[in-house]
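An overview of the molecular structure
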Amino acid sequence: MLKVNDINVYYGNIQALKGISLEVNAGEIVTLIGANGAGKSTLLKTISGLLKPKQGEILYEGQSIAGKPAQHIVKRGISQVPEGRRVFANMFVEENLQLGAYLRKDKEGIKNDAQRVYELFPRLHERKKQLAGTLSGGEQQMLAMGRALMANPKLLLLDEPSMGLAPLLVKQIFNIIEEIKKTGTTILLVEQNANLALSIADRAYVVETGRIVLSGEADELNASEEIKKAYLGGH
Ligand SMILES: Nc1ncnc2c1ncn2[C@@H]1O[C@H](COP(=O)(O)OP(=O)(O)OP(=O)(O)O)[C@@H](O)[C@H]1O
Ligand SMILES: [Mg+2]
């Protein structure tokens, strides 16, 4: 579904991604793990068209999307849940969700997807007339995910959904990610919570200072001593 081929991405003179390559197959959850500043968000932003690679190629369903405008990429079926959620604080929950569908014209489909999002997140349904800025952190994460799903993506990019959430809520969010996978949506999940991410992923890549340093089946990486030492706190 997605093939990232040897991309270099810069912020001015600083090179954030140094020849990154990875693949995501339809139906998979692929996780990208790595420490602060490794380049995880930069990679997601480059896939979703917010940043342009200086070198390399990004193929989505066989076609090049590298450097294409973000809205073109959303229309093609990729949507991103940004790090830190970025909900529209002064708008209602239901308005935030509708904004996720702003490039769509199929009214019926939009209605169905709103219903699907409310089924996935009953909490959002209860709070649809609440201002997004007054939601708890976990609820804002749900809203950011719901908003991305309103674009009816084939590929969902999730940037650190567990950030700042209590363990119980993190568990809930991860259960929902698995539910989303079951409905046929492919997922590229960025996480610092490597343990949890590997527990739901099919495959994983480890990023370190702009490079992929390890990759493989999630089960294998989860069992690897090297990974445990470096990323799972040595347990
Ligand atoms: N807008 C920017 N301008 C300049 N440098 C940036 C910018 N955004 C990110 N960087 C740098 O690029 C590198 C990769 O950052 P990125 O945000 O992709 O890391 P990350 O893996 O998502 O980290 P975290 O886990 O903390 O979110 C870092 O060294 C960061 O300082
Ligand atoms: Mg990040």
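This section reports on the structure supplied with the text. This structure is a prediction, so every number in the text was calculated from the model and none was measured.

1. Overview of the side chain of Ser 41
Checked against the element boundaries, Ser 41 lands in helix H1 (residues 40–47). In this structure Ser 41 comes out as buried when scored by relative accessible area, which is 15%. Polar side-chain contacts of Ser 41 include one of 2.7 Å to the side chain of Asp 159. Apart from residues no more than four positions distant in its own chain, Ser 41 is found in contact with Glu 83 and Asp 159.

2. Quick word on the coordination of the magnesium ion (ligand 2)
Every protein donor of the magnesium ion (ligand 2) is accounted for by Ser 41 (OG) and Glu 83 (OE), and the metal-donor separations fall at 2.0 to 2.1 Å. Linking Ser 41 in helix H1 with Glu 83 in the loop between strand E6 (78–81) and helix H3 (93–99), this pair joins segments that are 42 residues apart in sequence.

3. Observations regarding the packing of aromatic side chains
If you walk through the whole model with that rule in mind, you get zero aromatic pairs. The side chain of Lys 54 reaches across the aromatic face of Tyr 10, ending 4.3 Å from its centre.

4. Structural notes on the site of ligand 1
Surveying the vicinity of ligand 1 reveals 13 residues, the closest of which are Asn 36, Gly 37, Lys 40, Ser 41 and Thr 42. One of the backbone nitrogen or oxygen atoms of Gly 37 is found 2.8 Å away from an oxygen atom of ligand 1. The contact in question runs from an oxygen atom of ligand 1 to an N or O atom on the side chain of Gln 192, over 2.9 Å. Coverage of ligand 1 by the protein chains reaches 62% of its 630 Å² of free accessible surface. Top element by residues in the shell around ligand 1 is H1. It accounts for three residues. Within the shell around ligand 1, the residues separate by chemical class into four nonpolar, six polar and three charged.

Cut-offs applied
Residues numbered from 1 in each chain as written. Chains lettered and ligands numbered in written order. Predicted model: local features only at pLDDT ≥ 70, side-chain atom pairs only at ≥ 80, totals over all residues. Heavy atoms only, no water. Helix = DSSP H or I, 4+ residues; strand = E, 2+ residues; numbered from the N terminus. Buried < 20%, exposed > 50% of the residue type's maximum accessible area, 1.4 Å probe, protein only. Polar contact = N/O pair within 3.5 Å; in protein donor to acceptor, adjacent residues only side chain to side chain. Contact = heavy atoms within 4.5 Å. Donors = N, O, S within 2.8 Å, 3.2 Å for Na, K, Ca; no water. Phe/Tyr/Trp six-rings, centres within 6.5 Å; stacked < 30°, edge-to-face > 60°. Lys NZ or Arg CZ within 6 Å of the ring centre and 35° of its normal. Near = heavy atom within 4 Å. Areas by Shrake-Rupley, 256 points an atom, 1.4 Å probe, with all protein chains shown as cover. Nonpolar A, V, L, I, M, F, W, Y, C, P; charged D, E, K, R; others polar.

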